[in-house]
Amino acid sequence: MLVALLPGDGIGPEVIAEARRVLDALAIPGLAFEEAPVGGAAYHAKGHPLPPETLDLARRADAILFGAVGDPTCDALERHLRPEQAILGLRKELTLFSNLRPAKCFPELADASTLRPEVACAIDLLIVRELNGDVYFGEKGMRKTADGLREGYDIMSYDEGEVRRIAHSAFKAAQARRGLLCSVDKANVLETSQLWRDVVIEVHADYPDVQLSHMYVDNAAMQLVRNPGQFDVIVTGNLFGDILSDQASMCVGSIGLLASASLDANGKGLYEPIHGSAPDIAGQGRANPLATILSAAMMLRFSLGLAHEADRIDHAVARALAGGARTADIAGGMSTSEMGDAVIAAL
Ligand code: NAD
């Protein structure tokens, strides 16, 4: 089993190092690692944020553990050379269309949420976001109106095949959880959403054990802060999912705690913390590595068939937090590597 390690920029290498130490501590037979540069680090070393060697490693590997990309020294580069293009390129090249973002409150950290502790504590949800289509990949450009005004445009579209495959991912995820799926759209206004809703209803016929509901995205944003405990699995398109998943993640506390998976149709995946490269704290040993350590656990579970080892990591993180382990973002004084030590001790 080959894992591609792509540390990237800023705090990426710091948090990947801790995830690697945790994986090493599990001593999983046959698990091998190969590392390659990505993002700004790759641009500086090889002239491109996603060099062919890095893409080749990502294709060869059974799973990819990704840190973060984003480097302020690259801000003036043409868009296709900017670090962030590397993650978009990997998602597209590897057809990683299904983005899973769990958000669950650790009771010890309920005070870190901006919601009231009793509301935050009820959060245990999974957002399934479509990653390969929607307005992000439609035709876009700048033009002039008939009156000579500048006009920007981005075309939103989904075909039924794209909706069907993400709907299957979401129904399966709901089957493995509490069996509730809420599909979020804007079908009262958008044709794209009407097709989305129609296809999700069709796919539901294959999953009679899952209870399906529908919610408009504006209401979903409101319900996520009013009563997030009502949700089990949410499935939604690329644009709505981008916004709602960040909102859901902050409801449970620090951005440094939240993991994600981006999967293809065969279960191969890229696993990454939801945060970015955090240039403001890079190199200071202050980054919370838990989101990346929990991403490594998702990788073991979803791509490598190692659910028991994944459980061990999840439990060790919970035990470390229960024992008082805290980095600065969750009101503590531990360094990145001290948090890694605490998780390894809890293993
Ligand atoms: P960010 O997530 O990097 O940082 C936002 C804030 O959260 C910062 O104050 C940061 O210090 C803090 N933070 C983030 N991760 C943390 C951690 N593990 N522990 C403690 N604190 C943490 O978002 P940003 O500042 O908007 O973006 C910085 C760069 O990252 C940009 O170049 C952006 O494009 C990029 N980015 C990359 C990804 C990715 O690689 N998938 C995702 C988001 C942003």
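Here, the structure is the one placed above.
Reading the values: the criteria
Residues numbered from 1 in each chain as written. Predicted model: local features only at pLDDT ≥ 70, side-chain atom pairs only at ≥ 80, totals over all residues. Heavy atoms only, no water. Helix = DSSP H or I, 4+ residues; strand = E, 2+ residues; numbered from the N terminus. Rg over C-alpha atoms; globule rule 2.2 N^0.38 Å. Buried < 20%, exposed > 50% of the residue type's maximum accessible area, 1.4 Å probe, protein only. Contact = heavy atoms within 4.5 Å. Areas by Shrake-Rupley, 256 points an atom, 1.4 Å probe, with all protein chains shown as cover. Lys, Arg positive; Asp, Glu negative; His and termini not counted. Charge placed at Lys NZ, Arg CZ, Asp CG, Glu CD. 1 Å grid on protein atoms, 1.4 Å probe; cavity = no way out; pocket = protein on both sides within 12 Å on 5 of 7 lines; lining within 4 Å. Points joined across faces, edges and corners; volume = space filled by probe spheres on them. Nonpolar A, V, L, I, M, F, W, Y, C, P; charged D, E, K, R; others polar. Domains from an automatic or database assignment. Expected span 1.5 Å × (residues − 1). Near = heavy atom within 4 Å. Polar contact = N/O pair within 3.5 Å; in protein donor to acceptor, adjacent residues only side chain to side chain. Core = buried A, V, L, I, M, F, W, Y, C linked by side-chain atoms within 4.5 Å.

## Some points on the overall build of the protein
Now for step 1: Along the backbone of the protein there are twelve helices and twelve strands.
Now for step 2: Taken against the 2.2 N^0.38 rule, which gives 20 Å for 347 residues, the C-alpha radius of gyration of the protein at 20 Å falls within 12% of a compact globule.
Now for step 3: Once the C-alpha set of the protein is aligned to its principal axes, its extents read approximately 60 × 45 × 40 Å.
Now for step 4: Counting the 347 residues in the protein, one finds 53% classified as buried.
Now for step 5: Sequence-distant contacts, at least 24 apart, represent 75% of the contacts inside the protein between residues at least 6 apart.
Now for step 6: Counting only carbon and sulfur atoms, one obtains 53% of the accessible surface of the protein, whose full area is about 14800 Å².
Now for step 7: Both charge centroids of the protein, one from 31 positive and one from 46 negative side chains, sit 1 Å from each other.

## Observations concerning the layout of surface pockets
Now for step 1: Looking at the largest pocket, its volume works out to about 1100 Å³.
Now for step 2: Looking at the largest pocket, it is lined by 37 residues, and the ones nearest its centre are Pro-102, Arg-177, Met-298, Arg-301 and Phe-302.
Now for step 3: The class makeup of the residues in the lining of the largest pocket is 21 nonpolar, six polar and ten charged.
Now for step 4: Taken domain by domain, the makeup of the lining of the largest pocket includes at least three residues from each of domain 1 (1-97 + 264-347) and domain 2 (101-258).
Now for step 5: Of the volumes computed, that of the second largest pocket is approximately 530 Å³.
Now for step 6: Residues belonging to the lining of the second largest pocket are distributed by class as follows: eleven nonpolar, five polar and seven charged.
Now for step 7: When residues of the lining of the second largest pocket are assigned to domains, at least three map to each of domain 1 (1-97 + 264-347) and domain 2 (101-258).

## Some thoughts on empty space enclosed by the protein
Now for step 1: Summed over all chains, the structure comprises two cavities of 30 Å³ or more.
Now for step 2: The calculated volume of the largest cavity comes to roughly 70 Å³.
Now for step 3: In terms of lining residues, the largest cavity is bounded by Asp-134, Met-156, Tyr-158, Val-184, Asp-185, Thr-192, Ser-193, Trp-196, Thr-236, Gly-237 and Phe-240.
Now for step 4: Elements supplying a minimum of two residues to the lining of the largest cavity: strand S8 (180-185) and helix H7 (191-204).
Now for step 5: Looking at the lining of the largest cavity element by element, the count peaks at three residues for H7.
Now for step 6: When grouped by side-chain class, the residues that make up the lining of the largest cavity number five nonpolar, four polar and two charged.
Now for step 7: Taken as a whole, the second largest cavity spans an internal volume of roughly 40 Å³.
Now for step 8: Forming the walls of the second largest cavity are Arg-101, Pro-102, Ala-103, Leu-125, Ile-127, Ser-245, Ala-248, Ser-249, Leu-258, Ala-259 and Ile-274.
Now for step 9: A per-class count over the lining of the second largest cavity returns eight nonpolar, two polar and one charged.

## Some points on helix H10 (residues 290-302)
Now for step 1: Compared with an ideal rise of 1.5 Å per residue, which puts 13 residues at 18 Å, H10 spans 18 Å between its outermost C-alpha atoms and is within 8% of the ideal.
Now for step 2: Counting buried positions along H10 gives eleven out of 13 residues, so the element sits mostly inside the fold.

## Re the site of the ligand
Now for step 1: Taken together, 19 residues lie near the ligand, and Glu-84, Gly-276, Ala-278, Asp-280 and Asn-288 sit nearest.
Now for step 2: Backbone polar atom of Gly-276 to an oxygen atom of the ligand: 2.7 Å apart, as the coordinates give it.
Now for step 3: The separation between a nitrogen atom of the ligand and a polar main-chain atom of Asn-288 is 2.9 Å.
Now for step 4: Here the residues of the shell around the ligand sort into nine nonpolar, six polar and four charged.

## Digging into the nonpolar core
Now for step 1: Ranked by size, the top nonpolar core spans 87 residues in total, and within it Leu-65, Phe-171, Leu-181, Met-299, Leu-300, Ile-313 and Val-317 carry the most contacts.
Now for step 2: Looking at which element gives the most residues to this core, the answer is H10, with eight residues.
Now for step 3: No fewer than three residues from each of domain 1 (1-97 + 264-347) and domain 2 (101-258) sit in this core.
Now for step 4: Residues in contact with Val-317, not counting those within four places in the same chain, are Phe-106, Leu-290, Ile-293, Leu-294 and Val-343.
Now for step 5: In this structure, Ala-4, Leu-6, Val-38 and Leu-57 belong to the second largest nonpolar core, which totals 19 residues.

As far as function goes, none of this settles anything; it's purely spatial.
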